[in-house]
Amino acid sequence: GAGVSQSPSNKVTEKGKDVELRCDPISGHTALYWYRQSLGQGLEFLIYFQGNSAPDKSGLPSDRFSAERTGGSVSTLTIQRTQQEDSAVYLCASSSSRDGKNIQYFGAGTRLSVL
Amino acid sequence: AQKITQTQPGMFVQEKEAVTLDCTYDTSDQSYGLFWYKQPSSGEMIFLIYQGSYDEQNATEGRYSLNFQKARKSANLVISASQLGDSAMYFCAMRGVRSANSKLTFGKGITLSVRP
């Protein structure tokens, strides 16, 4: 498709389980971002990938969170040993520097519920 | 550090009228970009409009325009001729243009309801 694709759209898991969230960016976009949106915290930056550079992980809340981007395209966000406070919508975005504006285009998000 | 402030409570507007959504920001960057996104109940963040800090003219995109006042550090979104489909959450965001990490910093958002 033409836009950012995220899967699954909804994920319900039990506390302590691991989950993987997937993001397929817009073709040709070299930058990819993960954000988290929760009621109490608003929209928070998690991690940023730019081309082949080392990712900026400064927004990851704990070492239970990790992400990788394979082949400069698809990215997977992994949360290990999920906790109830991990319940949120996880949004992925991608951008290109070609237009000079680096506009980030978002996917529809994955709603994660930890029981 | 960057900060976005959106303090309006839920906003209401009559269909076909114009509405202004307020946004103020703070940054130490000399060069930066300002964005507005729309988030309907479906959850997707939809890009609306962009303003560069060195752009001399206010940005416009169809019914959306940005009232950019650099000295006051404000970037208000104006929606003209409101439609029922404009009912959504609206987020103001910014990033430093020269920052190594072009992550977006978001405000808390404003809920807009359009009345028929």
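In what follows, the structure referred to is the one given above.
Nothing here was measured: the structure is a model prediction, and the numbers come from that model.

Scoring rules and cut-offs
- Residues numbered from 1 in each chain as written.
- Chains lettered and ligands numbered in written order.
- Predicted model: local features only at pLDDT ≥ 70, side-chain atom pairs only at ≥ 80, totals over all residues.
- Heavy atoms only, no water.
- Helix = DSSP H or I, 4+ residues; strand = E, 2+ residues; numbered from the N terminus.
- Buried < 20%, exposed > 50% of the residue type's maximum accessible area, 1.4 Å probe, protein only.
- Contact = heavy atoms within 4.5 Å.
- Areas by Shrake-Rupley, 256 points an atom, 1.4 Å probe, with all protein chains shown as cover.
- Lys, Arg positive; Asp, Glu negative; His and termini not counted.
- Charge placed at Lys NZ, Arg CZ, Asp CG, Glu CD.
- Buried area = accessible area lost by both parts, 1.4 Å probe.
- Salt bridge = Lys/Arg side-chain N within 4 Å of Asp/Glu carboxyl O.
- Polar contact = N/O pair within 3.5 Å; in protein donor to acceptor, adjacent residues only side chain to side chain.

Describing the overall build of chain B
Each helix and strand in chain B was counted, giving 0 helices and 12 strands. Along chain B, helices and strands appear, N-terminal first, in the series β-β-β-β-β-β-β-β-β-β-β-β. For chain B, the spread of C-alpha atoms along the three principal axes comes to 45 × 30 × 20 Å. By residue count, 50% of the 116 residues in chain B fall in the buried class. Summarising the internal contacts of chain B: among those between residues at least 6 apart in sequence, 56% fall at separations of at least 24. Carbon and sulfur atoms make up 47% of the accessible area of chain B, which amounts to about 5700 Å² in all. For chain B, the distance from the average position of its 12 positive side-chain charges to the average position of its 10 negative side-chain charges is 6 Å.

What to know about the environment of B:Met11
Residue and element names in this part refer to chain B. Checked against the element boundaries, Met11 lands in strand E2 (residues 11-14). By relative accessible area, Met11 is classed as buried at 18%. For the pair Met11 and Ser87, spaced 76 residues apart in sequence, the C-alpha separation works out to 9.6 Å. Contacts of Met11, omitting those with residues within four sequence positions, involve Val19, Thr20, Leu21, Ile110, Thr111, Leu112 and Ser113.

With respect to the interface of chain A and chain B
Taken together, the contact between chain A and chain B spans 18 residues of the former and 17 residues of the latter. Of all residues in chain A, the largest losses of buried area upon contact with chain B belong to A:Leu43, A:Lys101 and A:Phe106, amounting jointly to 32% of the total for that side. One can count 0 salt bridges joining chain A with chain B. The interface formed by chain A and chain B contains 6 residue pairs in polar contact (both at pLDDT 80 or more).

Functional significance is not addressed by these values, which are geometric in nature.
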